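Structural characterization, general
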Amino acid sequence: MRLPSHIVTLLALVFLGSLATGQGFYDRTVLRTLELEFAQSDWDQQLRTNKLVGLQEYIPADLTVDGVLYPNVGVRYKGNSTYWSIPPGVKKPISIDMNIFTSGQKIMGHSKLVLNNQGWDPSLMREVIAYKIMNQFIPSSRANFVKVTINGENYGIYTNIEHVGEEMCEDRFGDDGFRYKAAPPWSWPDTLTTPPPPGDLALQDINNSLTRAEVAYELKNMETDPDHHQGILAAIDVLTNTPNQFLVEDLDPLLDIDHALWHLALNNTLCSMDAYYSSGQNYYLFQDAHHGRLMILPWDFNMSFGIYGQSQYTVSPVAGKGDDERPLLSRLVKGDVLRQEYLAHVHTAAFQGLDPIAQHAEIEELRALIDAEVQLDGRLHYLYGDWVSYG
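The numbering scheme is per chain: residues are counted from 1 as the chain's sequence reads. Since the coordinates come from a predicted model, pLDDT governs what is reported: local features require at least 70, and pairs of side-chain atoms require 80 or more to be given and counted, while whole-chain, interface and lining totals use all residues. Computation of side-chain values: all heavy atoms of the structure, hydrogens and water removed.

Points about the sheet that holds strand β2 (residues 59-65)
Note on sheets: strands pair through backbone hydrogen bonds, and any given pair is parallel or antiparallel. A barrel is described by the order of its strands in space; here seven strands give the closed sequence β1-β2-β3-β4-β5-β7-β6, paired in mixed fashion. If you compare each strand with its neighbour and ignore which way they point, the axes differ by 40° on average. Looking at chain direction, strand β1 (residues 32-37) and strand β6 (residues 143-150) are connected through five bridges and run parallel. Counted as the bridge partner of Glu35 is Thr149 from β6. Whether two residues are in contact is decided by their heavy atoms, any of which lying within 4.5 Å being enough. Lines fitted to C-alpha atoms define the axes, with helix axes restricted to the stretch in contact, and inter-axis angles between N-to-C directions lie between 0 and 180 degrees. Helix and strand definitions here come from DSSP, where helices need a minimum of 4 consecutive H or I residues and strands a minimum of 2 consecutive E residues; each element is numbered from the N-terminal end. Across the sheet, helix α12 (residues 356-376) touches β6 and β7 (153-162), and the angle it forms with β7 is around 145°. Paired strands, as defined in this entry, are two strands with at least two bridges between them according to DSSP.

So, in structure tokens, the structure goes:
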């Protein structure tokens, strides 16, 4: 029996209440040092070459955390604009696979680490704060700060983001399922395949094309399952073709609607412009194995809080409601199908998630945690003085 989406979301929120006590590797109050040791002296050149030619290949290194040695982990460079658009000498974003060379190896229950370099974020804090806020309302990745050294050299402060993978999904939802990542609609120097056109993103109509779905929504697991992408195609068909009066009834078995409304409300409240609202990317779709519904999982919030590249933005609570290229907004909000529910979520997110007293305290706690290391960080995208004056 399928549970109604609002019940599923409620159960997830009950779980979130206990999340703060089990932060572990993503505890925001702890600043760990991740020490990487490469045997080869040209490790940086190898990583840059692999990235340039589009090889997501890892090279081995030893990792030490809290005095514990994790031998033979895999390391590669990652990222799009935070890799290709930053100046020389600035730290690169890093992906670490704990078990690619050492089967079954994990660190505090996690097999993949995502280390972001705070590109385009002079505050250094956007992702850590944004993910904390989102976790108040929907299951999301967790984030904190870590210090990284490589072959004994200080590489400074990184943002440590919880990977959207098997461990996270089993922890939040009790089981894994299909995981898809919305692909970027443009090419980078390491892009090997033609990216999806912008019109194929954001759950827009793709004429029930499995080929177009496979390009736009990159399958991250269960590749041999013949039913992959069928849930996405079914949800898109309903969003495209179902009249307003039947939309909720027909969409509910395919998509956790309340969770989607929360995702949209948080995107809006956090003014995250490099997301569903604008670029149509930077989110995961997870098809929960228990009830078969798709859920939208947020990702990549270094450009939240009103920044997009070098520009700053503000948005209306109903921004995008008339944009047919964003059907979750245009169908659920524009048509007044669930407009009041959506606006209620915006109100709650704004007044609870962005409470100024709580946010000021959080910022000061994070500043105290990392200030000494930021002063020593010679590989920042910004100068220390810029960071201090920005805050």
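Topic: the pattern of salt bridges
Criterion for a salt bridge: a side-chain nitrogen of Lys or Arg within 4 Å of a carboxyl oxygen of Asp or Glu. Counted under the stated rule, the structure contains 18 salt bridges. Put simply, Asp44 and Arg48 hold a salt bridge, and the shortest N to O gap is 2.8 Å. Taken together, the residues span about one helical turn, with Asp44 and Arg48 both in helix α2 (residues 43-52) at a distance of four residues. In this structure Asp44 comes out as partly exposed when scored by relative accessible area, which is 26%. Close ionic contact of Arg172 with Glu162 constitutes a salt bridge, the shortest N to O distance being 2.5 Å. Placement of the pair is Arg172 in helix α5 (residues 166-173) and Glu162 in strand β7, with a sequence separation of ten residues. Each residue gets one of three labels from its accessible area relative to the maximum for its type: buried under 20%, exposed over 50%, partly exposed in between, using a 1.4 Å probe on protein chains only. With relative accessibility at 6%, the residue Arg172 sits in the buried group.

Focus on the nonpolar core
Put simply, a nonpolar core is a bunch of buried Ala, Val, Leu, Ile, Met, Phe, Trp, Tyr and Cys residues held in one set by side-chain atoms that sit within 4.5 Å of each other. The biggest cluster of nonpolar side chains holds 41 residues, and the ones touching the most others in it are Tyr217, Leu285, Leu328, Leu332 and Tyr342. Ranked by the residues each element gives to this core, the list is headed by helix α7 (residues 230-241), at six residues. Within the second largest apolar cluster, 34 residues are counted, among which are Phe137, Leu266, Leu366 and Val374.

As for the packing of helix α9 (residues 257-269) against helix α11 (residues 339-353)
Between α9 and α11, the least distance of the axes is 9 Å, while the angle of their chain directions is 50°. Relative to α11, α9 is oriented oblique. As α9 packs across α11, the resulting crossing turns out to be right-handed. Facing α9, whose interface residues are Asp258, Leu261, Trp262, Leu264, Ala265, Leu266, Asn268 and Thr269, α11 presents Glu341, Tyr342, His345, Val346, Thr348, Ala349 and Ala350. Polarity classes work like this: nonpolar for Ala, Val, Leu, Ile, Met, Phe, Trp, Tyr, Cys and Pro, charged for Asp, Glu, Lys and Arg, and polar for all others, with Gly in that last group. Of the residues assigned to the contact of α9 with α11, the class counts are nine nonpolar, four polar and two charged. Roughly parallel covers angles under 35 degrees, roughly antiparallel covers those over 145, roughly perpendicular covers 65 to 115, and oblique covers all other angles. Crossing handedness: left-handed means the near helix sits turned counterclockwise from the far one by under a right angle, and right-handed means the same turn made clockwise.

Remarks on the sheet that holds strand β8 (residues 178-182)
Strand order across the open sheet formed by four strands is β9-β8-β10-β11, with antiparallel pairing between neighbours. Sheet topology places β9 (217-219) and β11 (294-298) at the edges, where each strand pairs with a single neighbour. Going across the sheet, the axis of each strand differs from the next one's by a mean of 30°, ignoring polarity. Relative to β9, β8 runs antiparallel, the two being bridged by three bridges. Residue pairing across strands places Tyr180 opposite Leu219, the latter belonging to β9. Packed on one face of the sheet, α9 meets β10 (283-287) and β11 and runs near 20° to β11.

Let's talk about α2
Within the span of α2, buried status applies to Trp43, Leu47, Asn50 and Lys51. One face of α2 carries all of its buried residues, which in axial projection span an arc of 100°. Elements that come into contact with the buried residues of α2 comprise β2, β3 (68-77), α3 (81-84), β6 and β7. Following α2 by one or two positions, Gly54 has its phi on the positive side, about 80°. What the arc describes is the spread of directions from the helix axis to the C-beta atoms.

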